[in-house]
Amino acid sequence: MHNKIHHSLMQWYKIHGRHDLPWRITNNPYKIYLSEIMLQQTQVKTVLERFYFPFLEKFPTLLDVAKSDLDDVLKMWEGLGYYTRAKNLHTTAQKCQGDLPKNASELLELPGIGRSTAHAISAFAYKEALPILDANVKRILHRYFAIEARDEKKLWKAAYELFDTKYPFEYNQAMMDIGSMVCLAKKPLCDVCPFEKGCEGKSAPQNFPEPKIKKIKPVRKPTIVVYTHNGKIALSQRKERFLHGLWGFVQYETFEENEGVLLGHITQHYSHFTLDADVYKCESEYVNEECEWFAPSEINHLSLSGADHKVLKLIV
Ligand code: SF4
């Protein structure tokens, strides 16, 4: 049914595909898995230039991840954001003792591996003939089949319908490349797209999927307090899901200003809120019991969020 489309897609991929990405020239499941997890919320360029190779240098195998402390894994993830990914990677490494399962259904059982990621790992590492459905592929399918609703079930059905069972590996790679190079979110390049002839949504691509209603981001305004005592600084390890495992300075929703000295102000934009905080310094040994004391040189070895790095710059 889609023979012609598959042919155009393969032709396009041969000429324009990104054949040299390091996770495409290997069938090492760990290296493919790592790239899939890093690429979930981050662009190829950032992953490639700053994170993928240093992480592999520090942890050459998944067993090395399994044997390491979560702190060390988080340190290599610092700056990449969405730290739950690193925590899940560490748990997964320990759970499978460095040896990933060899099919999508078992991969799906592991923390942090959703259906599309399981399909991607299995398709690229073990050549299982399964379609993937990452954000880029979703956008193509929404437009090609003119699907307005953000409906996972419909999208999976569409993913299987368009899938090329003859060349599954190349098809999946080509779809990822079309999504990031041609069917762009804001201005799709329909004139050079191999799907152009059959694409039902190309006259109004911005309607597929239907635009999200923009929510105003809430602003959190805590006070951050840097407690110091005997030349050491107090930090605690975050427990909330979002920055889980990272070290950070004490934060209060309310704080008596006369208890400390104002150091400055920081602003940090997160995907779901903005942090807007005054930073105080306070000389006191009495901090909450979850805190530990570190010399300034020791703090460099801890993994901190972007906001806490900004606080650190105010004190050193
Ligand atoms: S023709 Fe345009 S809208 Fe349709 S898939 Fe290609 S780039 Fe996207």
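## Thoughts on the site of the ligand
Reasoning step 1: In the vicinity of the ligand, the contacting residues are Arg143, Cys183, Pro188, Cys190, Cys193, Phe195, Glu196 and Cys199.
Reasoning step 2: Taken together, the residues of the shell around the ligand break down into six nonpolar, no polar and two charged.

## Describing the nonpolar core
Reasoning step 1: Among the nonpolar cores identified, the biggest contains 55 residues, and Leu34, Met38, Phe55, Val65 and Trp77 are the most heavily contacted of them.
Reasoning step 2: Top contributing element to this core by residue count: helix 2 (residues 29–39), with six residues.
Reasoning step 3: For this core, the two domains that each supply at least three residues are domain 1 (3–207) and domain 2 (219–315).
Reasoning step 4: The residues contacting Trp77, other than those within four sequence positions of it, are Leu34, Ile37, Met38, Phe51, Phe55, Tyr82, Tyr83, Arg85, Ala86 and Leu89.

## As for the pattern of salt bridges
Reasoning step 1: Per the counting criterion, the structure on display carries 10 salt bridges.
Reasoning step 2: When the shortest N-O distance is used, the salt bridge between Arg220 and Glu253 registers 3.0 Å. Residue Arg220 is located in strand 1 (residues 219–220), and its partner Glu253 is located in the loop between strand 5 (250–252) and strand 6 (261–269); the two are separated by 33 residues in the primary sequence.
Reasoning step 3: For Glu253, a relative accessible area of 58% puts it in the exposed group.
Reasoning step 4: A salt bridge links Asp308 to Arg238; the shortest N-O distance between them is 2.8 Å. With a gap of 70 residues between them, Asp308 in helix 13 (residues 306–315) and Arg238 in the loop between strand 3 (232–237) and strand 4 (247–248) connect regions that are remote in the sequence.
Reasoning step 5: In this structure Asp308 comes out as buried when scored by relative accessible area, which is 1%.

## Considering a negative patch on the surface
Reasoning step 1: Taken together, the side chains of Glu256, Glu257, Glu259 and Asp278 make up a negatively charged region of the molecular surface.
Reasoning step 2: Looking at the element boundaries, Glu256 is found in the loop between strand 5 and strand 6.

## Focus: the pairing of strand 3
Reasoning step 1: In this sheet, strand 3 lies alongside strand 2 (residues 223–229) in antiparallel orientation, the contact comprising two bridges. Paired with Thr228 across the two strands is Ile233, which belongs to strand 3.
Reasoning step 2: Hairpin connection, strand 2 to strand 3: the antiparallel pair is bridged by two residues, and Asn230 has positive phi, about 50°.

## Notes on the domain arrangement of the protein chain
Reasoning step 1: Per the domain assignment, the segments making up the protein chain are domain 1 (3–207) and domain 2 (219–315).
Reasoning step 2: For domain 1 and domain 2, the distance between their C-alpha centroids amounts to 36 Å.
Reasoning step 3: Contacts between the two partners involve eight residues from domain 1 and, on the opposite side, 15 residues from domain 2.
Reasoning step 4: Of the roughly 920 Å² buried at the junction of domain 1 and domain 2 (both faces included), carbon and sulfur atoms supply 52%.
Reasoning step 5: When residues of domain 1 are sorted by the area they lose upon contact with domain 2, Lys75, Glu78 and Tyr83 head the list and together hold 45% of the total.
Reasoning step 6: Counting across the interface, domain 1 meets domain 2 through zero salt bridges.
Reasoning step 7: At the junction of domain 1 with domain 2, the criterion picks out five residue pairs in polar contact (both at pLDDT 80 or more).
Reasoning step 8: Counting only elements with at least two residues in the side of domain 1 that touches domain 2, the list comes to helix 5 (70–77) and helix 6 (84–95).
Reasoning step 9: Among the elements that take part in the side of domain 1 that touches domain 2, helix 5 stands out by supplying three residues, more than any other.
Reasoning step 10: Residue composition of the side of domain 1 that touches domain 2, grouped by class: three nonpolar, one polar and four charged.

Rules used throughout
- Residues numbered from 1 in each chain as written.
- Predicted model: local features only at pLDDT ≥ 70, side-chain atom pairs only at ≥ 80, totals over all residues.
- Heavy atoms only, no water.
- Near = heavy atom within 4 Å.
- Nonpolar A, V, L, I, M, F, W, Y, C, P; charged D, E, K, R; others polar.
- Core = buried A, V, L, I, M, F, W, Y, C linked by side-chain atoms within 4.5 Å.
- Buried < 20%, exposed > 50% of the residue type's maximum accessible area, 1.4 Å probe, protein only.
- Helix = DSSP H or I, 4+ residues; strand = E, 2+ residues; numbered from the N terminus.
- Domains from an automatic or database assignment.
- Contact = heavy atoms within 4.5 Å.
- Salt bridge = Lys/Arg side-chain N within 4 Å of Asp/Glu carboxyl O.
- Patch = residues over 30% accessible without salt bridge, like charges linked within 9 Å, V, L, I, M, F, W, Y side chains within 5 Å.
- Areas by Shrake-Rupley, 256 points an atom, 1.4 Å probe, with all protein chains shown as cover.
- Lys, Arg positive; Asp, Glu negative; His and termini not counted.
- Charge placed at Lys NZ, Arg CZ, Asp CG, Glu CD.
- Pairing = 2+ DSSP bridges.
- Buried area = accessible area lost by both parts, 1.4 Å probe.
- Polar contact = N/O pair within 3.5 Å; in protein donor to acceptor, adjacent residues only side chain to side chain.

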